[in-house]
Amino acid sequence: MKVILLMAITLDGKIAKHTTQLADWTSKADKKIFVAETKKAGVIIMGKTTYDTIGRPLPGRLNVVMDLEPKTSKNIPGSLEFTNTPSKELIKELKDRGFKNVILGGGATINGLFLKENLIDEIWLTVEPKIFGEGLSLFKRADVDLGLELIEVKRLDNNVIHVRYKIIK
């Protein structure tokens, strides 16, 4: 199974100014890629804070929300599942359920957890023409030193770039 981290970032590498910021600062081109790729994979993994900023399950794909206390939230079979299953086990469970790819959709803590555990195969970033200066980095609590191999660079519109990297393992 391939795990793809799919995020929008500012030019200075921030995914948000703060934990409650909506993703309304990203371009239409980014949103189009996000919807297409998450629906194509059929499953997206995110943290509880990210889910709370969205406020609802994303339609047309399984939303898996990593939550320290999943019993306090209500699952919707086939659409929304809250779990505290360790990340390696979660990936195995999703593979056993027939998923070929999974999209990792943040936030910084979940991204860092998966990176630190060497579970991310590719990183796909939409670089938005913004600078936040302060804010949430792409990864939190992940002291790593990994090499990347460029797969592709696309110009999405006049100001937006989409890059895809493979993590060298």
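Owing to the predicted nature of the structure, the values given are computational and were not obtained by experimental measurement.

Q: Describe in detail helix H3 (residues 87-96), supporting the description with residues and values.
A: Turning to H3, its buried residues number three or more, namely Ser 87, Leu 90, Ile 91 and Leu 94. Down the axis, H3 shows its buried residues gathered within 100° of arc, on one side only. Exposed side chains of H3 directed beyond 90 degrees from the buried face belong to Lys 88, Lys 92 and Asp 96. Contact partners of the buried residues in H3: strand S1 (2-10), strand S3 (43-47), strand S4 (62-66), strand S5 (80-83), strand S6 (101-104) and helix H4 (108-116). Just beyond H3, the residue with positive phi is Gly 98, at close to 100°.

Q: Requested: an account of the packing of aromatic side chains, with residues and values cited.
A: The full count for this structure, using the stated rule, is two aromatic pairs. Pairing Trp 25 with Phe 132 gives two aromatic rings, centres 5.1 Å apart and planes at 70°, and the pair type is edge-to-face. With a gap of 107 residues between them, Trp 25 in the loop between strand S2 (14-16) and helix H1 (28-41) and Phe 132 in the loop between strand S7 (122-128) and strand S8 (136-137) connect regions that are remote in the sequence. The buried category is assigned to Trp 25, whose relative accessible area is 10%. Taking 5.5 Å as the distance between ring centres and 90° as the angle between the ring planes, the aromatic pair formed by Tyr 51 and Phe 82 counts as edge-to-face. Here Phe 82 lies in strand S5 and Tyr 51 lies in helix H2 (residues 48-54), a separation of 31 residues in the sequence. You'll find Tyr 51 and Phe 82 in the same group, each marked buried. The lysine or arginine in question, Arg 164, covers the ring of Trp 124, its NZ or CZ lying 3.6 Å from the ring centre.

Q: Before we move on, can you summarise the nonpolar core with the specific residues and values?
A: Formed by 28 residues in total, the largest nonpolar core has its most connected members in Ile 45, Leu 94, Leu 104, Phe 114 and Ile 120. Elements represented by at least two residues in this core include exactly S1, S3, S4, H3, S6, H4, S7 and strand S10 (161-168).

Q: Give a description of the sheet that holds strand S9 (residues 147-155) that names residues and reports values.
A: Strand order in the open sheet made by the eight strands is S5-S4-S3-S6-S1-S7-S10-S9, with mixed pairing throughout. Each edge of the open sheet carries a strand with a single partner, namely S5 and S9. Averaged over all neighbouring strand pairs, the angle between strand axes comes to 25°, with direction disregarded. The pairing of S3 with S4 spans five bridges and is classified as parallel. Note that in S4 the partner of Gly 47 across the bridge is Met 66. Contacting S1, S3, S4, S5 and S6, H3 crosses the sheet at an angle of about 165° to S4.

Q: So what's going on with the pattern of salt bridges? Residues and values would help.
A: Applying the stated criterion to the full structure yields seven salt bridges. Among the ionic pairs, Glu 122 bridges to Lys 2, the shortest N-O distance being 3.2 Å. A residue pair is termed long-range when its members are at least 10 positions apart, and Glu 122 in strand S7 and Lys 2 in strand S1 qualify at 120 residues. Judged by its relative accessible area of 31%, Lys 2 is partly exposed.

Analysis parameters
Residues numbered from 1 in each chain as written. Predicted model: local features only at pLDDT ≥ 70, side-chain atom pairs only at ≥ 80, totals over all residues. Heavy atoms only, no water. Buried < 20%, exposed > 50% of the residue type's maximum accessible area, 1.4 Å probe, protein only. Helix = DSSP H or I, 4+ residues; strand = E, 2+ residues; numbered from the N terminus. Arc of directions from axis to C-beta. Contact = heavy atoms within 4.5 Å. Phe/Tyr/Trp six-rings, centres within 6.5 Å; stacked < 30°, edge-to-face > 60°. Lys NZ or Arg CZ within 6 Å of the ring centre and 35° of its normal. Core = buried A, V, L, I, M, F, W, Y, C linked by side-chain atoms within 4.5 Å. Pairing = 2+ DSSP bridges. Axes fitted to C-alpha atoms, helices over the stretch in contact; angles between N-to-C directions. Salt bridge = Lys/Arg side-chain N within 4 Å of Asp/Glu carboxyl O.

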